[in-house]
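# Tertiary structure, described
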Protein chains: 2
Amino acid sequence: MRQPFTRELADLLERGRDRQLRLAVTGLSRAGKTAFLTSLIDQLRHAGLEARLDLLPAAREGRLLGARRVEQQDLGVPRFPLDRALAALDAEPPQWPAPTRGISELRLVIRYRPRRRGWAGGETRRLTLDLFDYPGEWLLDLPLLSHDFASWSRSQAFTGERGALFADWREAVARLDPAAPVDEGRLASLAERYAEGLRAAREAGFSDLQPGRFLLPGDLEGAPVLQFFPLPSLDDADPATLAGLPEDSLYATLARRFRYYQQHIVRPFYREHFRRFDRQIVLVDVLGALNAGPERFEDLARSLSRLMQSFDYGRRSLLTRLFAPRIDRLAIAATKADHVTPEQHPRLTGLLEALLAEPLKDLRFADVPVRALSLAAIRATEAREVDHQGRRHPALRGTTLDGEPALLFPGEVPARLPDADFWRRQGFAFPAFRPRPRGDDALPHIRLDAALDWLIGDKLT
Amino acid sequence: MRQPFTRELADLLERGRDRQLRLAVTGLSRAGKTAFLTSLIDQLRHAGLEARLDLLPAAREGRLLGARRVEQQDLGVPRFPLDRALAALDAEPPQWPAPTRGISELRLVIRYRPRRRGWAGGETRRLTLDLFDYPGEWLLDLPLLSHDFASWSRSQAFTGERGALFADWREAVARLDPAAPVDEGRLASLAERYAEGLRAAREAGFSDLQPGRFLLPGDLEGAPVLQFFPLPSLDDADPATLAGLPEDSLYATLARRFRYYQQHIVRPFYREHFRRFDRQIVLVDVLGALNAGPERFEDLARSLSRLMQSFDYGRRSLLTRLFAPRIDRLAIAATKADHVTPEQHPRLTGLLEALLAEPLKDLRFADVPVRALSLAAIRATEAREVDHQGRRHPALRGTTLDGEPALLFPGEVPARLPDADFWRRQGFAFPAFRPRPRGDDALPHIRLDAALDWLIGDKLT
């Protein structure tokens, strides 16, 4: 997948002149990556005419002239399916775009006028913006690089509701002997049960799931590299004994596949894609996790702190040692802000920050510029006020996924991490809304422009 | 996907001692690759007990002791889905296994006694047999390596019934200007129409389809490398003019993608897989093509002669210059021989040889040992005789795909290439049979053992 040298050189020069920027979007599944990218591209393409980008200075000042889709750099990466997403929004009734699988990319050329005009007065400039979309689940695999198979096995916990989803697999592996010779067919069927556990857990709203690629195997479906699992019986095993087990033993076979996964799946993503991103936004469905209850919420917190390790370029960082990544600006956004009333938005941002308190500390310590915000990439509701017992209350108007018109107050977002008392009360059930019919204008949104300003604004001055 | 050096070395030593063999199976879609591999593995695993391998000397002489499935070498390649195939055969009613997609592999360790016993008398040896299954369509892309985009465009013909399936795309591209700047969205939609044409043609039984990977995109779905098509309007274009067109013109964009396809899709298959095969069998559904009529039969002939270029290691060969492949023995088999009565089998082999006359000449000239035969990997019918007007006639007994018991004479296979007269008479309609219920014994077959003898017999002496 390497580009010819001359192309790399040209790209390098282009980037040196601040004219090229590689912006990546990620998030755990259902966080709204596709909606975010669709809206971002739509805003930029409409920028010259009906901008809804007041928080982006270049747009507010009328200097943003528009954007055009051009051929991407790496022809072997799927193109971000913009047209398919727009078609879904234009359907009757409008639908949310289908989620993307794996990585995709799209290149825009943005035309703008610089703030300080040159001698010619009417000078325009171009910024080449490469947009990437990839599953946040891939980042959850980073910690796997710091393990060997035995320590990884010990690190995987199967408790509570999540653990119950793996009951079938756990029973089957409980009495396995790490030293016994392994049968290919039996191993494949055990691995399939483990993958079923992962899929069930994802369906049930959990996201702290390893190895991430088991959930989206693609062309590797059925390959031995996706057929391993943690061995729970290793807790009290002696490392030297394990290392001495024969090549065809269960332990040695699983360990070999684990290493192959590290080297051929996890590392290549960082080497070929991640280390080339300049900016990154991580989308988080905080409201969805609140809806799903305490165990899922804890799980989200754990997933996020694992995921954020990929952006911690501190001295001790695994990534820094491996790949010298260069992301110089990071945004973390709670999505679907349109699903709560506007006065709740500061609380939503506050909750996101509380959820990320530890990783944010690490990032700030490592001097990675980071900003947390709440947004709605495609706004599906309108803010209203209703009279109730003589007082005015905030409310939302929208259409539910079933097509029912609704006017309601979805509830209060806790401004800090919810405690046991909060969960007992559970005052909480954010409905899901479907998108509104799209007109000729740019898509309606909430603070997408603030995100854009943080992510690309400095390149448009 | 490279193995650690020590592993490669060990493999090399193993192969030096004639103890490892890499056998590849291919064929155009529906030729019966999955049934062939399933049966081959099944025979070898049963070899110690209920062998049905009289034409394989090691088995006939009782020296073949059995085979065991072990871990394959490349953990990143899907394993051949043997269990799934057997489950289909064991279903009620029995079904043909679902076709495989892309490449898959499976490793067997065969135990046998050498013909000349050593000093110990009871000595046994092992042969490690790596089996590979890959789409013959990938081989149809080889000729693409000898073209540039303009000459490839000119080489693609859209006539007759096959051409009609591309009518939609042809109309859309007829008036395209190669020099005009290209719109990404429009290009994607034109490419999708071309891919639709390819899919329709495959559905209609054609196999001479390029580029082959458009039909099985896998993880490359939506990537620009799979979004190009021949430009019919280039016939009278001047090469220098074309070369001078701007980077973002339609011509330059398509040509760039064509080159990327050559370098990142076609070449890697030959480099990473093909050049490592020791033996190869190509399966051909001759009867299916006869059933489908003259245009499909011609198409099959053309496809086969293209496909066989991959095995022509003559001095002028493209492959020899590129990859130094090493296949030292080749089999070409007409499959589904159980769908005609036994006395037709020599004719079936004769027809296959006639179909391949030109490529076989080239192969023999290039000194590639090759053998043509007819076989049924999994026999679905029984040969019978019936009385008709006082004479005994050959017939087949089986169960049609609809579950109807049938006793019939399917017709005569022409012993040479059918002429116009033959097609006018069209005495021809081979029914499809479903597999018979599988017992504990090895699967019934016709001459699979002859194929095995040619492909691995010399390694079991």
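Residues numbered from 1 in each chain as written. Chains lettered and ligands numbered in written order. Predicted model: local features only at pLDDT ≥ 70, side-chain atom pairs only at ≥ 80, totals over all residues. Heavy atoms only, no water.

Per an unreviewed UniProt entry, chain A carries the name YcjX family protein and comes from Halomonas koreensis.

Moving on, we come to the sheet that holds strand β10 (residues 405-408) of chain A. Residues and elements named next belong to chain A. Spatially, the three strands line up as an open sheet ordered β8-β9-β10, and their pairing is antiparallel. Strand pairing shows two members of the sheet lacking a second neighbour, β8 (382-388) and β10, which therefore form its edges. The average angle at which neighbouring strand axes cross in this sheet is 35 degrees, direction not considered. Note: strand β9 (residues 391-399) against β10, four bridges, orientation antiparallel. Residue L396 lies in a different strand from β10, and its bridge partner there is L408. (Pairing = 2+ DSSP bridges. Helix = DSSP H or I, 4+ residues; strand = E, 2+ residues; numbered from the N terminus. Axes fitted to C-alpha atoms, helices over the stretch in contact; angles between N-to-C directions.)

On the side of chain B, 32 residues touch chain A, which itself brings 31 residues to the contact. Interface of chain A and chain B: buried area, both sides summed, is about 2,700 Å²; carbon and sulfur atoms make up 47% of it. The three residues of chain A that bury the most area against chain B are L75, R79 and E184 of chain A, which together make up 26% of that side's buried surface. Our enumeration of links across chain A and chain B arrives at six salt bridges. Two residues, E184 of chain B and R79 of chain A, come together in a salt bridge whose shortest N-O distance is 2.8 Å. Connecting chain A to chain B are 17 residue pairs in polar contact (both at pLDDT 80 or more). Those elements that place two or more of their residues in the side of chain A that touches chain B are β2 (64-70), α8 (184-203) and α10 (250-272) of chain A. Considering each element in turn, the side of chain A that touches chain B owes the most residues, five residues, to α10 of chain A. (Contact = heavy atoms within 4.5 Å. Buried area = accessible area lost by both parts, 1.4 Å probe. Salt bridge = Lys/Arg side-chain N within 4 Å of Asp/Glu carboxyl O. Polar contact = N/O pair within 3.5 Å; in protein donor to acceptor, adjacent residues only side chain to side chain.)

With that out of the way, let us pick up the packing of aromatic side chains. Per the counting criterion, the structure on display carries 56 aromatic pairs over all chains. Ring geometry for F158 of chain A and W169 of chain A: centres 5.1 Å apart, planes at 55 degrees, overall tilted. Placement of the pair is F158 of chain A in the loop between α5 (149-155) and α6 (160-164) and W169 of chain A in helix α7 (residues 167-174), with a sequence separation of 11 residues. By relative accessible area, F158 of chain A is classed as buried at 13%. Ring geometry for F269 of chain B versus F274 of chain B: centroids 6.2 Å apart, planes at 55 degrees, classification tilted. A relative accessible area of 4% means that F269 of chain B is categorised as buried. (Phe/Tyr/Trp six-rings, centres within 6.5 Å; stacked < 30°, edge-to-face > 60°. Buried < 20%, exposed > 50% of the residue type's maximum accessible area, 1.4 Å probe, protein only.)

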